[in-house]
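Chain by chain, the residues:
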Amino acid sequence: MRQSIITLSLVSVVLIAGCMENPGGASGPEPLGQQPSAADYVAGPYATRGRVIATTDARQLGCPQCSPVPRILATPDLDGDGTSEIVMTLESFDTNERAINIPTRMVIVRANGAPYRGISQLPSRVHAREAVVGDFNADGVDDLFVAAHGLDTSPFPGEQNVLLLSNGAGRHIDVSQSNLPQIDDMAHGAAAGDIDSDGDLDILVVTGAGGGAARADNYLLLNDGAGRFSFSGGRNHMPANAVPDNRFLTGSLADVNRDGNIDMLLAGSGDERQASVLLYGDGEGRFDRRVTLPRSAFGSQTWTTDIDVVDIDRDGRRDLVLLNTGNFGGKYRGLNIQILMNEDGQFVDRSSQHLWGQDWSGQSRYNIAHNITFTDLNRDGAPDFVVQSLNPVWERQPGDLPAQIGINDGSGNFRPVTPNWLDANDGFNARQLLPARIGGRNVLVGHSLFGQATENGFRTYGQRLTVYR
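In this text the structure is predicted, and so the values were computed from the model without any measurement.

(A) Structural view of a positive patch on the surface. On the surface, a cluster of positive charge is contributed by Arg 49, Arg 51, Arg 379, Arg 441 and Arg 469. Looking at the secondary structure, you find Arg 379 in the loop between β23 (369-375) and β24 (384-389).

(B) Representation of the state of the cysteines in the model. Applying the stated criterion to the full structure yields 1 disulfide. Two residues, Cys 63 and Cys 66, share a disulfide whose sulfurs are 2.0 Å apart. Given an S-S torsion of about 80°, the disulfide between Cys 63 and Cys 66 has right-handed geometry. The pair Cys 63 / Cys 66 is uniform in exposure class, with both members buried.

(C) The arrangement of the side chain of Gln 338 in detail. By the secondary structure assignment, Gln 338 is in strand β21 (residues 331-343). Within polar-contact distance, the side chain of Gln 338 engages the backbone oxygen of Pro 294 at 3.1 Å. Among all residues touching Gln 338, those that are not within four sequence positions of it are Pro 294, Arg 295, Ser 296, Leu 320, Val 321, Leu 322, Asn 324, Asp 349 and Ser 351.

(D) Summary view of the pairing of strand β5 (residues 107-110). Residues Val 107 and Val 109 line one face of β5 and the alternating positions Ile 108 and Arg 110 line the opposite face, and both faces are buried. Pairing geometry for strand β3 (residues 85-91) and β5, over 4 bridges, is antiparallel. By the bridge assignment for β5, Val 87 is matched with Ile 108.

What counts and what doesn't
- Residues numbered from 1 in each chain as written.
- Predicted model: local features only at pLDDT ≥ 70, side-chain atom pairs only at ≥ 80, totals over all residues.
- Heavy atoms only, no water.
- Patch = residues over 30% accessible without salt bridge, like charges linked within 9 Å, V, L, I, M, F, W, Y side chains within 5 Å.
- Areas by Shrake-Rupley, 256 points an atom, 1.4 Å probe, with all protein chains shown as cover.
- Salt bridge = Lys/Arg side-chain N within 4 Å of Asp/Glu carboxyl O.
- Lys, Arg positive; Asp, Glu negative; His and termini not counted.
- Charge placed at Lys NZ, Arg CZ, Asp CG, Glu CD.
- Helix = DSSP H or I, 4+ residues; strand = E, 2+ residues; numbered from the N terminus.
- Disulfide = S-S within 2.5 Å.
- Buried < 20%, exposed > 50% of the residue type's maximum accessible area, 1.4 Å probe, protein only.
- Polar contact = N/O pair within 3.5 Å; in protein donor to acceptor, adjacent residues only side chain to side chain.
- Contact = heavy atoms within 4.5 Å.
- Pairing = 2+ DSSP bridges.

If you want it as structure tokens, here you go:
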């Protein structure tokens, strides 16, 4: 999609002028601040040796006419050996960048390069949107739920979600048909947590674009303890204004205030001018007390793609970190990380105090970033973060794209890792970064696009997966 170039300074004036209202927040949007200089960057936390371990190819995975958008979906430890498996998917688009309704098969490999053989038949989906890792049948092994998006254009039919469940014998089974309600729901996001305090993990499903063929609003999947889930409408759990589809992009479930009850966070959508919200849980599956969170510097046209609950400064209070995109000549452009510090139960935007400046030029060039993940990259006990973005770590020279890795100084202040740390020669090798583990040690995985140049541009077939350690 072609986007017009709008200078950030002009957009900032328009957005800030339109977002003075900030209900429920203790402060307004933080300024973007001056972007980091060379002196602000820090070296990567370990010597990187990037190694290509796998390649996906849509022509072999069910869609020979596709030019797909590759995704690294998740990095669970499916066999409990301390080494992650890497779940990859291809979102179905044709060579003209139009969404098409043809599924491709998901791929799982081990982070050490060995093929994962713990599942005999992997599912195929048109658009696997978001994955949730959790032990859904309480056998001590990671399972995987995938919110499946379906065709990403009108009429937005949705498709059946995915559940890969451990069978207790070192293998996983696709139980999407037997253990999930059969709903083509256009699932846009998901999260897991024990919302009713019965000892098992339930799943929040956030829907969009009319809720698919099922016309499903946001809902909960209630676990029977063995990984069999039943549908429960959002009206049974959430306030009425949190239930409709398309109000939010995704969600999180976590005990934010450490009262022993799971709380719900919903990531706001710029389409609805909907801010992100926090709903406090009662431990019995209801989320009635609502707090509206401060908007990002992108104002009312903020699309929040991820919310993490993490104690970044290790003071015993859980803070919120939001990943945002905006509207810069088109939706889902630009990148902004927002830090809301927990100050005696009030969430205050302290982004400028804890992050480098984010006044990046050319925000219209930056594609949507899907997730922000916290992990201890340098083994100092403090949570660092990695942003999973469609952008490479750098495009033409280091510094021309936002930094995607932040190293915590131990007090919740993040320094940007130099953009050419992972890839000194070609930043396009390091896309969609996610943490993984090999032998119990943290590594990073990323990919470059696999395909060929044509007279109409570059045609993508899939991804070349690279492990950095």
